[in-house]
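Chain by chain, the residues:
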Amino acid sequence: MEEEDVKSEAEDKPSLESLELQIKEEQDIARMLLIKQEDEDKLYFEDESSNSPDEKISCKRYTCDLCEQTLKSLSNLRQHKKSVHEKIRYSCKSCDYKALSMSKLRIHVRAKHEGVRYPCGQCNFVAMSTDTLRQHRNAMHNLVRYPCDQCDYTATRTSYLKSHKEKKHNG
């Protein structure tokens, strides 16, 4: 009887091989999600005919009724209103850091207090968030660029292009 109990306990425990396979499958899923996110990000390239950062392909924009800021999603608009107009901040329990959003606070806690990092597989860069890693890959390895329609400047992020236009071309 005891032999059967030992056997059933051993059968209940997953083998090292099955655990390694499960980890590999989860990593593959994570890679596919990252690729899917990068593919979705490519939808935000400027339309070749207009070259205007405000006219995005397949991208509905949401405009703040308080300041005319345009954002990519309704959740981004809600977050914008909370942080910019309502001045809501999220405090870290372990240090004096204050974040503009709960998601930014989670990134801070994971990176600063739990040591979570996201290394680039193509160079020595290490990011504190998957979003920062994606931005790094797009700028440094995929060479994604956003050209200015008024001069030779090209930016690695749409926010940099917007800032350039505001500073150099008066909006």
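The rules we used
Residues numbered from 1 in each chain as written. Predicted model: local features only at pLDDT ≥ 70, side-chain atom pairs only at ≥ 80, totals over all residues. Heavy atoms only, no water. Helix = DSSP H or I, 4+ residues; strand = E, 2+ residues; numbered from the N terminus. Buried < 20%, exposed > 50% of the residue type's maximum accessible area, 1.4 Å probe, protein only. Contact = heavy atoms within 4.5 Å. Areas by Shrake-Rupley, 256 points an atom, 1.4 Å probe, with all protein chains shown as cover. Salt bridge = Lys/Arg side-chain N within 4 Å of Asp/Glu carboxyl O.

Section: the overall build of the protein
(1) Moving on: Counting its regular elements, the protein contains six helices and eight strands.
(2) Moving on: Put simply, the protein runs from its N terminus to its C terminus through helices and strands in the order α-α-β-β-α-β-β-α-β-β-α-β-β-α.
(3) Moving on: In the protein, buried positions account for 20% of the 171 residues.
(4) Moving on: For the protein, restricting intrachain contacts to residue pairs at least 6 apart in sequence, the fraction spanning at least 24 positions comes to 16%.
(5) Moving on: Accessible surface computed for the protein: about 12,800 Å², of which carbon and sulfur atoms make up 51%.

A word on the environment of Y97
(1) Moving on: In this structure, Y97 sits in the loop between β3 (90–91) and β4 (98–99).
(2) Moving on: With relative accessibility at 32%, the residue Y97 sits in the partly exposed group.
(3) Moving on: In this structure the C-alpha to C-alpha distance between Y97 and V109, which are 12 residues apart in sequence, comes to 9.5 Å.
(4) Moving on: With sequence-adjacent residues up to four places away left out, Y97 is seen in contact with Y90, S91, C92, K104, L105 and H108.

Section: the pattern of salt bridges
(1) Moving on: A complete count under the given rule lists three salt bridges for this structure.
(2) Moving on: Its salt-bridge partner being D65, residue K81 comes within 2.8 Å of it at the nearest N-O pair. Of the two residues, K81 sits in helix α3 (residues 74–85) while D65 sits in the loop between β1 (62–63) and β2 (70–71), which places them 16 residues apart along the sequence.
(3) Moving on: With a relative accessible area of 24%, K81 lands in the partly exposed category.
(4) Moving on: When the shortest N-O distance is used, the salt bridge between D131 and R134 registers 2.2 Å. Of the two residues, D131 and R134 are both situated in helix α5 (residues 130–141); the distance of three residues between them amounts to about one turn of the helix.
(5) Moving on: Note on R134: relative accessible area 13%, which makes it buried.

Some thoughts on the environment of S94
(1) Moving on: Summarising the element assignment, S94 is placed in the loop between β3 and β4.
(2) Moving on: Note on S94: relative accessible area 55%, which makes it exposed.

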